[in-house]
Amino acid sequence: MQKYFVWLAAALLMAACTKDGDTIYLPDPDEEKASSAPLVTVIYGDNSLGDRSYCDMIYEGVEQTAQELGLRTMQLSPRSTEEGLQYLELMFRQMETAEDSVRRLFIVTSPVYDEYLRKNSNRLAGNPYADLLYLETKTPLPDKGSTLYMPYYGAMFEAGAIMPPLAPKVMLIGANRREQAVVDAIQGFTDGWNADMTSVTGKAKKYLGTTYLDETGDGGYNVADTTALRMIHQWVDDWFYCIVPICGGAFNTFRRMNEIELGDLMIVGVDNEYHSNRSHMSVVKHIDRAMNLCIRQWLSAEGMPKHQSLGLASGYTEVVHTYKDYLSPYDVEVLEQLTDEKLKEIHETALRKEEEHEK
């Protein structure tokens, strides 16, 4: 009997009646309520997560920042560009009609969505709680939304200027010719190489080659093991000493094939630091730190800038030297060229060149 009264009391707490006899629902005080914490949603290009490079660094930066600040996150890695566009369309529709006051930030990481974003960013104008951040574009959005560009030109110029004493014949590998960040990186390394701030040692001739994994489209961030291996064999046969893969996750395929099958080529780490006796240096893009900065800006009273650029001068890109860990005492000519004074001179020149290029 006592259990019956307990159950009845609980039922009465859950329901009550209006004066007209209609039953209304009263919320259970023990029921978990939907969170109203700010939500950060990231939309990647197709099959981008898991690249152990740029996109994985975005993921880690967002998750770490969310944990520090008590935010919710949703990370979407579509199987195709079409699926990614469906995610975006659903997001815009929901934000156009949303009636709650939950703050939401949508981060779009890939240039494949550029046309869609520029045509649709105005649809967020009526929602004061929804914001958009579009990465790696120099051109601000026409309506609501912020943009971020992380120029690689300065850091790549620095790497290119340092390289000749370490490797006289180098192959640059770009993902494609369409993405501005890739184009600027290729140009920066080329300009640094041609600046002749250092020179090759011995009787070797200085040579820089360039190739693209996707000559006509906006891909080139993935490459099959067999294709990478075939290309490596060809470069070894052509007497290249070093490769610089500016191609996102494809970098790891080249690295793995080189280490497992041959190990004959030196590789410059790109985006992440690469520590190996087969690496002279790494050109690092701290996109994880940039995510922390942008999310904190978004939550601040001032909000995110309409557009911002974070490169070598701001410390969000840098060259990490590893050659000193692996050179032998017999590499006297290399060490004599790459003194601390020379590295400082090259870095200061790269800062100036980055500023000129960005203008």
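Treat the numbers as computed from the prediction; the structure is a model and nothing was measured. (Residues numbered from 1 in each chain as written. Predicted model: local features only at pLDDT ≥ 70, side-chain atom pairs only at ≥ 80, totals over all residues. Heavy atoms only, no water.)

### Topic: the overall build of the chain
What the chain contains, in helices and strands, is eleven helices and 15 strands. Within the chain, the proportion of its 359 residues that are buried is 49%. Residue pairs at least 24 apart in sequence account for 72% of intrachain contacts in the chain once pairs closer than 6 positions are excluded. For the chain, the exposed surface amounts to about 18000 Å²; the carbon and sulfur share of it is 50%. (Helix = DSSP H or I, 4+ residues; strand = E, 2+ residues; numbered from the N terminus. Buried < 20%, exposed > 50% of the residue type's maximum accessible area, 1.4 Å probe, protein only. Contact = heavy atoms within 4.5 Å. Areas by Shrake-Rupley, 256 points an atom, 1.4 Å probe, with all protein chains shown as cover.)

### What to know about the sheet that holds strand 6 (residues 130-135)
Strand order in this open sheet of six strands is 4-3-5-6-7-14, and the pairing throughout is parallel. Both edges of this open sheet fall to strand 4 (72-76) and strand 14 (307-309), since each of them pairs with a single strand only. Across this sheet, the average inter-strand angle for adjacent strands is 15°, counted without regard to direction. By the bridge criterion, five bridges tie strand 5 (residues 104-108) to strand 6 in an arrangement that is parallel. By the bridge assignment for strand 6, V108 is matched with Y134. Running at roughly 155° to strand 5, helix 3 (residues 81-97) makes contact with strand 3 (39-43), strand 4, strand 5 and strand 6 of the sheet. (Pairing = 2+ DSSP bridges. Axes fitted to C-alpha atoms, helices over the stretch in contact; angles between N-to-C directions.)

### Re unusual backbone geometry
The phi torsion at N47 lies on the positive side, around 55°, for a residue other than glycine. With respect to the helices and strands, the residue N47 is situated in the loop between strand 3 and helix 2 (54-69). Residue N47 is classed as partly exposed on the basis of its relative accessible area of 46%. Positive phi outside glycine occurs at D271, with the angle close to 80°. Structurally, D271 is set in strand 12 (residues 269-271).

### Let's talk about the sheet that holds strand 8 (residues 169-176)
One open sheet holds the four strands; their spatial order is 9-8-10-11, and the pairing between them is parallel. Each edge of the open sheet carries a strand with a single partner, namely strand 9 (207-214) and strand 11 (266-267).

### What to know about the pattern of salt bridges
It is possible for side chains of opposite charge to pair when their charged atoms get near one another. Within this structure, the stated rule accounts for 17 salt bridges. Here R79 makes a salt bridge to E83, at a shortest N to O gap of 2.8 Å. According to the relative accessible area criterion, R79 is exposed, its value standing at 65%. The salt bridge partner of K342 is E345, with a shortest N-O separation of 3.2 Å. Residue K342 and its partner E345 are both found in helix 11 (residues 340-358); the two are separated by three residues, about one turn of the helix. Taken together, the shared-partner salt bridges in this structure form one network comprising E89, R93, E96 and R123. (Salt bridge = Lys/Arg side-chain N within 4 Å of Asp/Glu carboxyl O.)

### Considering the side chain of N258
Following the sequence through the fold, N258 ends up in helix 8 (residues 250-262). At a separation of 2.8 Å, a polar atom in the side chain of N258 contacts the main-chain carbonyl oxygen of L265. (Polar contact = N/O pair within 3.5 Å; in protein donor to acceptor, adjacent residues only side chain to side chain.)

### Some points on the environment of D184
Within the secondary structure, D184 sits in helix 6 (residues 180-194). Along the sequence, D184 and F157 sit 27 residues apart, while their C-alpha atoms lie 9.8 Å from each other. Once you skip the residues sitting within four places of it in the chain, D184 turns out to touch K138, Y149, Y153, H357 and E358. At 3.0 Å, the side chain of D184 and the side chain of K138 are in polar contact.

### Things to note about the confidence of the model for the chain
Here the chain averages 89 in pLDDT, while 89% of its residues score no lower than 70. Contacts for the low-pLDDT stretch residues 1-26, under 50 throughout, to residues beyond four places or in other chains number 15 contacts. (pLDDT = per-residue confidence, 0-100.)

### Quick word on helix 3
Between its first and last C-alpha, helix 3 extends 25 Å over 17 residues, near the 24 Å set by a 1.5 Å rise per residue. Looking only at helix 3, the buried set comprises E83, G84, L88, M91, F92 and M95. (Expected span 1.5 Å × (residues − 1).)

### Quick word on the packing of helix 5 (residues 153-162) against helix 11
Viewed as axis vectors pointing N to C, helix 5 and helix 11 meet at an angle of 140°, and their least axial separation amounts to 8 Å. Seen along the crossing, helix 5 lies across helix 11 with a hand that is right-handed. Residue-level contacts link Y153, G154, F157, E158, A161 and I162 of helix 5 to L343, I346, H347, T349, A350, K353, E354 and H357 of helix 11. Looking at the contact of helix 5 with helix 11, its residues break down into seven nonpolar, four polar and three charged. (Left-handed = near helix turned anticlockwise from the far one by under 90°. Nonpolar A, V, L, I, M, F, W, Y, C, P; charged D, E, K, R; others polar.)

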